[in-house]
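# An overview of the molecular structure
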Amino acid sequence: MNRELETPTMRSTHATILAVLLLALPAPAQQRKGVFDAAMVIADKHHVFHELGDFDGDGFVDAIGFWPEVLASTSQSGLLACWFNDGLGKLELGYDLPMLITGSALQTTYRAHGVGDFDQDGLSDFVYAAGNQLRVFLSRGRTAPVTCSAALGSTQAHALAVGDFDSDGVLEIAVVGSSKLEVFRWDQALLAPILTASRASTTSTEIAMLAARFDADTTLDFAVAIGTSVELFSFATGTIQSLGAYSVPANPPMMSAGDIDGDGDDDIVDFGMTAYSVLRRTGPQTWQLEAPVTGGPATNFADVDGDGDLDGVCCGGGGGRVTVYNQNVSYFRIAHNDGTGRFQPAIEIPGVGSEHIAGVADLEHDGDLDFVGGRCVYYPPSPVTSDVFPRAADAMQEPRTVADVDRDGDPDFLATLGAQMANLGNGATTAWSNAVPAPPAGGAWTGLGYRGDFDGDGSMDLLVGLVLGGNTTLEFLANCGGGSFEHRGQAMSAVPGSLDPREALVLDFDADGDLDCVTQPQNYLYGSDVYANDGAAHFTYLTTIADRVLTLVDVDGDADLDAFVTRGNDFSSLWLTLNLGGGAYAAPVVVSNQ
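Within any chain, residue numbers begin from 1 and follow the written order of that chain's sequence. For a predicted model such as this one, the threshold for reporting local features is a pLDDT of at least 70, and the threshold for listing and counting side-chain atom pairs is 80 or more; totals across whole chains, interfaces and linings nevertheless cover every residue. To obtain the side-chain values, all non-hydrogen atoms of the structure were used and water was disregarded.

## Some remarks on the sheet that holds strand β38 (residues 504-507)
Rules: Note: two strands are recorded as paired if DSSP finds a minimum of 2 bridges between them. Secondary structure elements are taken from DSSP: a helix is a run of H or I of four residues or more, a strand is a run of E of two residues or more, and numbering for both begins at the N terminus. Helix axes are fitted to C-alpha atoms over the stretch in contact, other axes to C-alpha atoms as well, and angles between N-to-C directions run from 0 to 180 degrees.
Read from one edge to the other, the open sheet built from 4 strands follows the order β38-β39-β40-β41, with strand pairing classed as antiparallel. Every other strand in the sheet has two partners, leaving β38 and β41 (539-545) as the edge strands with one partner each. Taken over all neighbouring pairs, the strand axes of this sheet differ in orientation by 20° on average, direction set aside.

## Thoughts on empty space enclosed by the protein
Here is the rule we go by: For each structure, a 1 Å grid was placed over the protein atoms alone; sets of points admitting a 1.4 Å probe that cannot get out are labelled cavities, open sets with protein on both sides within 12 Å along at least five of seven lines are labelled pockets, and lining residues have an atom within 4 Å of a point. Grid points are joined across faces, edges and corners, and a volume is the space filled by probe spheres set on the points. Amino acid classes used here: Ala, Val, Leu, Ile, Met, Phe, Trp, Tyr, Cys and Pro are nonpolar; Asp, Glu, Lys and Arg are charged; the rest, including Gly, are polar.
Summed over all chains, the structure comprises 1 cavity of 30 Å³ or more. Within this model, the largest cavity holds a volume of roughly 30 Å³. Around the largest cavity, the lining residues are Val48, Phe49, His50, His113, Gly353, Ser354, Glu355, His356 and Gly374. Taken together, the residues of the lining of the largest cavity sort by class into 2 nonpolar, 6 polar and 1 charged.

## Notes on the nonpolar core
Stated formally: Side-chain atoms within 4.5 Å are what join buried Ala, Val, Leu, Ile, Met, Phe, Trp, Tyr and Cys residues into a set we call a nonpolar core. Burial here depends on accessible area, computed with a 1.4 Å probe over protein chains only, as a share of the maximum for the residue type. Under 20% is buried, over 50% is exposed, and the range in between is partly exposed. By definition in these notes, contact holds between two residues if any of their heavy atoms fall within 4.5 Å.
If you look at the biggest cluster of nonpolar residues, it comprises 18 residues, and the most contacted ones within it are Phe118, Val127, Leu134, Val136, Leu160, Ile173 and Val175. Among the elements of the structure, β7 (125-130), β8 (133-140), β9 (143-151), β10 (157-163), β11 (172-177) and β12 (180-187) are those that each provide at least two residues to this core. What leucine 160 contacts, discounting residues up to four positions off in sequence, is Ala112, His113, Gly114, Val127, Ala129, Leu134, Ile173, Ala174, Val175 and Met209. One finds Ala161, Ala197, Leu220 and Ile240 within the second-largest nonpolar core, a separate group that totals 17 residues.

## A look at the pairing of strand β4 (residues 75-85)
Burial analysis of β4 places 9 of its 11 residues in the buried class, which makes it a mostly covered element. Examined bridge by bridge, β4 and strand β5 (residues 91-102) share 10 bridges and lie antiparallel to one another. The residue of β5 that forms the bridge with leucine 79 is proline 98.

## Re the packing of aromatic side chains
Aromatic ring pairs are described here by two measures, namely the spacing of the ring centres and the angle between the planes. Heads up, the condition is: Only rings of Phe, Tyr and Trp enter the pairing, Trp through its six-membered ring, and a pair is recorded when the two centres are within 6.5 Å. The plane angle decides the type: under 30 degrees is stacked, over 60 is edge-to-face, the rest tilted. We call a charge positioned above a ring when the Lys NZ or Arg CZ atom is no farther than 6 Å from the ring centre and deviates by at most 35 degrees from the ring normal.
A complete count under the given rule lists 18 aromatic pairs for this structure. Ring geometry for phenylalanine 301 and phenylalanine 343: centres 5.6 Å apart, planes at 10°, overall stacked. With a gap of 42 residues between them, phenylalanine 301 in strand β23 (residues 300-302) and phenylalanine 343 in the loop between β25 (329-335) and β26 (347-352) connect regions that are remote in the sequence. The pair formed by phenylalanine 301 and phenylalanine 343 is uniform in burial state, with each residue classed as buried. Above the ring of tyrosine 325, the side-chain terminus of lysine 45 is found at 4.2 Å from the ring centroid. Above the ring of tryptophan 575, the side-chain terminus of arginine 567 is found at 5.0 Å from the ring centroid.

Here you go:
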């Protein structure tokens, strides 16, 4: 990835264009279970899953979210969308409504949302706060919801919690913002949230809220984490009463509450990215903060492995609304509980577009929990008890770095020159080193090496650089089996390119039955050179293609390879240059623009 002018977005764009042009295969229909044990992208880049609930009353869990695409200080406009469960676990886009929220101090980084049945009709309703505006969207089955509004006392909402905080059978919304902590009670006659109580709140960019029971009564309470301070509140009497404040080490705060140790009461866990602290409940209204231990992170609890205790879950990394499109990589994370309230470092499952997990629920009614966040759903084939994606290698891999180095029938992975990750054939890997022989006296190997069967014996060899006596030459290292190599002499008197396997195409360019090399320079401003193999791993310069070659394919059926290229600083276009034979190429023509 450390290319001078190429970015990951450019590389992804070119790969996508080539896949469309060369494969042109129809996309398969969405399935509950993917072909691979991985998260499935369900929503497009204009949408996000914020919350889960039964929004149409059919007994199956649906998903909802609002993604603001056009932003100003006084307005957010975007799409409020609900995905309905088809009864088999598949989320299908239902209503998809343009929505405009006007107010003050609207920003990209602060939003709050929740879910509850406010009008008590049996359908989940969605609540969303941004700037100084609070919106409740009353569900009407699969038709457009009814929008209800209220203005906040704070100029900027940060977090909210939904619950019946006074046990009167009516839901409240507790909202903490830039200057106030407010409680709104739902008024069914007015179809609106009505401000009931308020108190001053400290301004902070890192605020979280949760609802749980924190005292001896049976009424639901709520907690607010501001920076490194966690304060517990009761609203049982219709006023906001503090139950105590505690200092915690993690900042930004990621709080979850639940009976993590099976003793019958709720504890609070304050997670950081690599460690967490437990605010352990020691009495009806007494708490003890424990020292940080390694584990997490998490923002929610659920029994994901089916062992009867609460595990930590979260989904983040997408970074929120920082671009027009919701397309940043995110990760589902699961921190397993050992049954005593000790959490393991979280395993990661890649996804896209999430700043917070929407929820964990059995979408399919098949007995295990599914994960929803960002634009993705992860449908595990069984309860998640261990890492879904065992680490194969620390270095970035692509087809040119993956090969059966030890000739045991499965692909191995590049680490560094002379160091490989050997595939054990069961999804696990083990490292081996010193596979490359010592260089000649006074010399040093350089580069990761071009990879291919250059001598035609069926095994993957290496072409590496040798720095000796002030000169750098290209040397042939033949694969001897078992992951070891033997130096068999010079392949070329000069070194073409960076000697990174990701910077060259290895293929039979001249159709003579052996593998040649086409360099792909790091700098887009330079062309690609072709070096022909004589069949014994000796290379000579053959021709130059004026632009940077992405791939070579016989497009026109004349038995020679034509080139898809990029040109100069034009990173958005894909060009095709036809091979005219004899080392000559036709003028490139544009075949696709981004």
